[in-house]
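# Structural overview
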Amino acid sequence: MIVILDFGSQYSELIARRIRETQVYSEVLSYRTSAEHLKQLNPKGIIFSGGPSSVYDQGAPHSDPEIWNLGIPVLGVCYGMQLMVQQLGGGVEKSDRGEYGKASLEIDDPTDLLTNVEDHTTMWMSHGDSVTDLPPGFELLAHTANTPCAAIADHDRKLYGVQFHPEVVHSQGGQALIRNFVYHICNCEPTWTTAAFVEEAIREIRARVGDKRVLLALSGGVDSSTLAFLLHRAIGDQLTCMFIDQGFMRKLEPERLVKLFAEQFHISVEYVNARDRFINSVKGITDPEEKRKRIGHEFISVFESESKRLGPFDYLAQGTLYPDVIESADTNVDPQTGERVAVKIKSHHNVGGLPKDLRFKLVEPLRKLFKDEVRKVGRSIGLPEEIVNRQPFPGPGLAIRILGEVTSERLNILRDADLIVRQEINRAGLYHDLWQAFAVLLPIRSVGVMGDQRTYAYPIVLRFVASEDGMTADWARVPYDLLETISNRIVNEVRGVNRVVYDITSKPPGTIEWE
Ligand code: XMP
């Protein structure tokens, strides 16, 4: 394992993913993690992440100086390198001019960390401070036009520093450098593979659960579906999958999901039709937050009664992923152990919101995985592509894509429009290129004309976005002809709609969903 100590960098998770791409397991821990705790974890190497501070700022994050005496190889990235230099007796100063963006790396020592990294390769920089004096025992490995110390090493102690960010995609030699660190310097073995993960997860689930019963709330998304497959493989019929139909899913999706699981995969699903309860719970509600809150409460209430009806269960399976449990520099972490104190809890489908008398023990077999790793695991245990590559769909479903009050009439209109969007996006071969492509219904009416008749009906908004992770997004530049086809079909085929508009707002300042 490689441990990444996070000093508040936006790239710490990315470093972990890059390490895992080399088939070596990695975890992100807080910079406060003690040397003692690290010694117990016994990682093969440690990476100090970048961070927004200057090492001289008051309150700048400093790691336990005993880490330098552990004999474990360390790679410091950006702030991580500056901290290493400062703690080991070198000099760091504010530069006259910072360096941001691409820089050409001029290599002084092409061995060791920089083996197979080409001279003049492009690396990505983002720093105001620079290393001016190397600590005793260190040598220069590379420089750039603006940064005299771009890569440094103390070969004997296996301590390395780079001013640039090898983890970002713009750094051409970045992955080669990471491989050198992981394999040649830390002597890791390529043990982090999907097959090894599945085997280990199944063993762990069996050991934890024994002969007890497990409940899983299936949503149809890739996380809960992968979880269902994995658990079913581990414990068979001790698993009960429950699917609560809120009535806010896309057209034919609930039926398709239950059929797929039951007929194709022989995993039976307890289908709970709660459509009336949910629509009643949001009757007359127009405020988006209030809507979400009520749907969340209703979910918990249905979950509670249904789990009692189907139970008793000892365990609840949850699709918690690694980004939900990651220790970043700004969460509360116990300084002694590096363990999380406050746990981030995801969405309303979570046990965090369940009443106290309904306490389950948790099974969270995906908690070590990033989303792309969940997809790989899902695929490897037979999950079909239509689920593995499904575009994200919010927990409250179409209810937050109908602005204003949610009614059955509006749900039907949106479902029909949404189906046309899906069909045409698929036909154009764009489904996998887009992060999301969906329809939104606005609760206003505008005037139109159809067959000499004046119409007064709802507009549909098309929201198509490109994104890497949903945190930022850009509106998608799809062909006009496709927009025309979708617009024509919606206006002609969906009663109650007479106008289609295209949302050209990026995120920020807009969000992807409209509520
Ligand atoms: P926004 O609208 O905040 O959405 O830009 C970012 C991503 O999150 C999804 N989303 C949700 N997912 N429960 C979920 O499970 C929710 O309540 C929820 N709200 C938004 C959204 O579809 C997008 O992918």
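Values in this document were obtained by computation on a predicted structure and should not be read as measured data.

All residues in the neighbourhood of the ligand are listed as Arg292, Pro392, Pro394, Gly395, Pro396, Trp435, Gln436, Gly470, Lys507, Thr511, Ile512 and Glu513. One of the side-chain N or O atoms of arginine 292 is found 2.5 Å from an oxygen atom in the ligand. Lysine 507 places a polar side-chain atom, nitrogen or oxygen, 2.7 Å from an oxygen atom of the ligand. Look at the ligand: alone it shows 500 Å² of surface, and the protein chains cover 72% of it. Class assignment of the residues belonging to the shell around the ligand gives a composition of five nonpolar, four polar and three charged.

This paragraph deals with the nonpolar core. Formed by 90 residues in total, the largest nonpolar core has its most connected members in Phe464 and Ile490. Sort the elements by how many residues they give to this core and helix 6 (residues 222-235) lands first, with eight residues. In contact with isoleucine 490, other than residues within four places in its own chain, are Ala417, Ile420, Val421, Ile460, Leu462, Val497 and Val500. Ile19, Ala103, Met123 and Ala142 belong to the second largest nonpolar core, which has 39 residues in total.

Turning next to the UniProt feature "binding site: ATP" (unreviewed entry) in the protein. Under the local residue numbering, the UniProt record ascribes the feature "binding site: ATP" (unreviewed entry) to Ser219, Gly220, Gly221, Val222, Asp223, Ser224 and Ser225. In contact with valine 222, not counting residues within four places along its chain, are Lys371, Val374, Arg375, Leu383, Ile387 and Val388. Owing to a relative accessible area of 9%, aspartate 223 belongs among the buried residues under this scheme.

Now for the side chain of aspartate 154. Here aspartate 154 shows up in strand 8 (residues 151-154). The charged side chain of aspartate 154 is buried without a salt bridge, its nearest counter-charge being arginine 157 at 4.2 Å. From its side chain, aspartate 154 meets the backbone nitrogen of arginine 157 in a polar contact 3.1 Å long. Setting aside its immediate chain neighbours within four residues, aspartate 154 contacts Pro136, Gly137, Phe138 and Leu159.

Residue placement: valine 282 occurs in the loop between helix 8 (275-281) and helix 9 (288-310). Judged by its relative accessible area of 0%, valine 282 is buried. A sequence separation of 256 residues divides valine 282 from serine 26, and the C-alpha atoms of the two residues are 44 Å apart. Discounting chain neighbours no more than four positions away, the residues touching valine 282 are Phe248, Lys291, Arg294, Ile295, Glu405 and Val406.

This part takes up unusual backbone geometry. Among all residues except glycine, the phi angle is most often negative; among peptide bonds, the trans geometry is most common. The omega angle of the peptide bond from glycine 311 to proline 312 is 5°, so this bond is cis rather than trans. Relative to the helices and strands, proline 312 is located in the loop between helix 9 and strand 13 (315-317). Despite not being glycine, aspartate 112 shows a phi value in the positive range, around 55°. Structurally, aspartate 112 is set in the loop between strand 5 (91-107) and strand 6 (121-133).

Another point: the packing of aromatic side chains. Applying the stated criterion across every chain yields a total of 17 aromatic pairs. Seen from their ring centres, phenylalanine 299 and phenylalanine 303 are 6.3 Å apart, and the 20° between their planes marks the pair as stacked. Placement of both phenylalanine 299 and phenylalanine 303 in helix 9 is noted, with a separation of four residues, approximately one turn of the helix. Phenylalanine 303 gets classed as buried once you look at its relative accessible area, which sits at 4%. Ring pairing ties together the aromatic residues Phe7, Tyr31, Phe48, Trp68 and Tyr79, which thus form one cluster. Sitting above the plane of the tyrosine 322 ring, arginine 20 keeps its charged end 4.9 Å from the centroid. Positioned over the ring face of tryptophan 475 is arginine 477, at 3.8 Å from the centre of the ring.

Throughout the structure, instances matching the rule amount to 26 salt bridges. We note a salt bridge from aspartate 474 to arginine 477, for which the minimum N-O separation is 3.1 Å. The class for aspartate 474 is partly exposed, based on a relative accessible area of 34%. One connected set of salt bridges, linked through shared partners, spans Glu424, Arg427, Arg489 and Glu493.

Take helix 11 (residues 371-380) next. Listing the buried residues of helix 11 in full gives Glu373, Val374, Val377 and Gly378. Looking down the long axis of helix 11, one finds its buried residues gathered within 140° of arc, a one-sided arrangement. For helix 11, the elements touching its buried residues are helix 1 (12-21), helix 5 (194-209), helix 6 and helix 12 (385-388). Looking at the residues trailing helix 11, positive phi occurs at glycine 382, about 100°.

Right, let's talk about the packing of helix 13 (residues 408-427) against helix 14 (residues 480-493) for a bit. For any two helices packed against each other, one specifies the inter-axial angle together with the distance between the axes. As a packed pair, helix 13 and helix 14 sit with axes 10 Å apart at the nearest point and diverge in direction by 150°. When the interaxial angle is binned, helix 13 and helix 14 end up roughly antiparallel. Crossing of helix 13 over helix 14 shows right-handed handedness. Each of Ala417, Ile420, Val421, Gln423, Glu424, Ile425 and Arg427 in helix 13 lies in contact with helix 14, whose residues at this interface are Leu482, Thr485, Ile486, Arg489, Ile490 and Glu493. Residues of the contact of helix 13 with helix 14, tallied by class, amount to seven nonpolar, two polar and four charged.

This brings us to helix 1. When you tally the buried positions in helix 1, you get seven out of ten residues, the bulk of the element. Burial in helix 1 covers these residues: Ser12, Leu14, Ile15, Ala16, Arg18, Ile19 and Arg20. Downstream of helix 1 by a residue or two, glutamine 23 has a phi angle that is positive, lying close to 70°.

On to the sheet that holds strand 10 (residues 214-217), then. Strand order in the open sheet formed by five strands is 12-11-10-13-14, with parallel pairing between adjacent strands. A strand with exactly one partner marks an edge of an open sheet, and here the two such strands are strand 12 (269-273) and strand 14 (361-363). Averaged over all adjacent pairs, the angle separating strand axes in this sheet is 30°, with direction ignored. Pairing of strand 10 with strand 13, which is carried by three bridges, proceeds in the parallel orientation. Bridge pairing in strand 13 links leucine 216 to alanine 317.

Moving on, we come to the sheet that holds strand 2 (residues 26-30). In a beta sheet, neighbouring strands are held together by backbone hydrogen bonds and run either parallel or antiparallel to one another. With mixed pairing, the nine strands of this open sheet are ordered in space as 2-1-3-4-9-8-7-5-6. With partners counted over all chains shown, the strands left at the sheet margins are strand 2 and strand 6, one partner each. Mean inter-strand twist for the sheet, computed between neighbouring axes without regard to direction, equals 25°. Strand direction decides the pairing type here: strand 7 (residues 139-143) and strand 8, joined by three bridges, are antiparallel. The residue bridging leucine 140 from the neighbouring strand is isoleucine 152, located in strand 8.

Quick notes on the rules
- Residues numbered from 1 in each chain as written.
- Predicted model: local features only at pLDDT ≥ 70, side-chain atom pairs only at ≥ 80, totals over all residues.
- Heavy atoms only, no water.
- Near = heavy atom within 4 Å.
- Polar contact = N/O pair within 3.5 Å; in protein donor to acceptor, adjacent residues only side chain to side chain.
- Areas by Shrake-Rupley, 256 points an atom, 1.4 Å probe, with all protein chains shown as cover.
- Nonpolar A, V, L, I, M, F, W, Y, C, P; charged D, E, K, R; others polar.
- Core = buried A, V, L, I, M, F, W, Y, C linked by side-chain atoms within 4.5 Å.
- Buried < 20%, exposed > 50% of the residue type's maximum accessible area, 1.4 Å probe, protein only.
- Helix = DSSP H or I, 4+ residues; strand = E, 2+ residues; numbered from the N terminus.
- Contact = heavy atoms within 4.5 Å.
- UniProt positions renumbered as here; feature names shortened; annotations may be inferred.
- Lys, Arg positive; Asp, Glu negative; His and termini not counted.
- Salt bridge = Lys/Arg side-chain N within 4 Å of Asp/Glu carboxyl O.
- Phe/Tyr/Trp six-rings, centres within 6.5 Å; stacked < 30°, edge-to-face > 60°.
- Lys NZ or Arg CZ within 6 Å of the ring centre and 35° of its normal.
- Arc of directions from axis to C-beta.
- Axes fitted to C-alpha atoms, helices over the stretch in contact; angles between N-to-C directions.
- Parallel < 35°, antiparallel > 145°, perpendicular 65-115°, else oblique.
- Left-handed = near helix turned anticlockwise from the far one by under 90°.
- Pairing = 2+ DSSP bridges.

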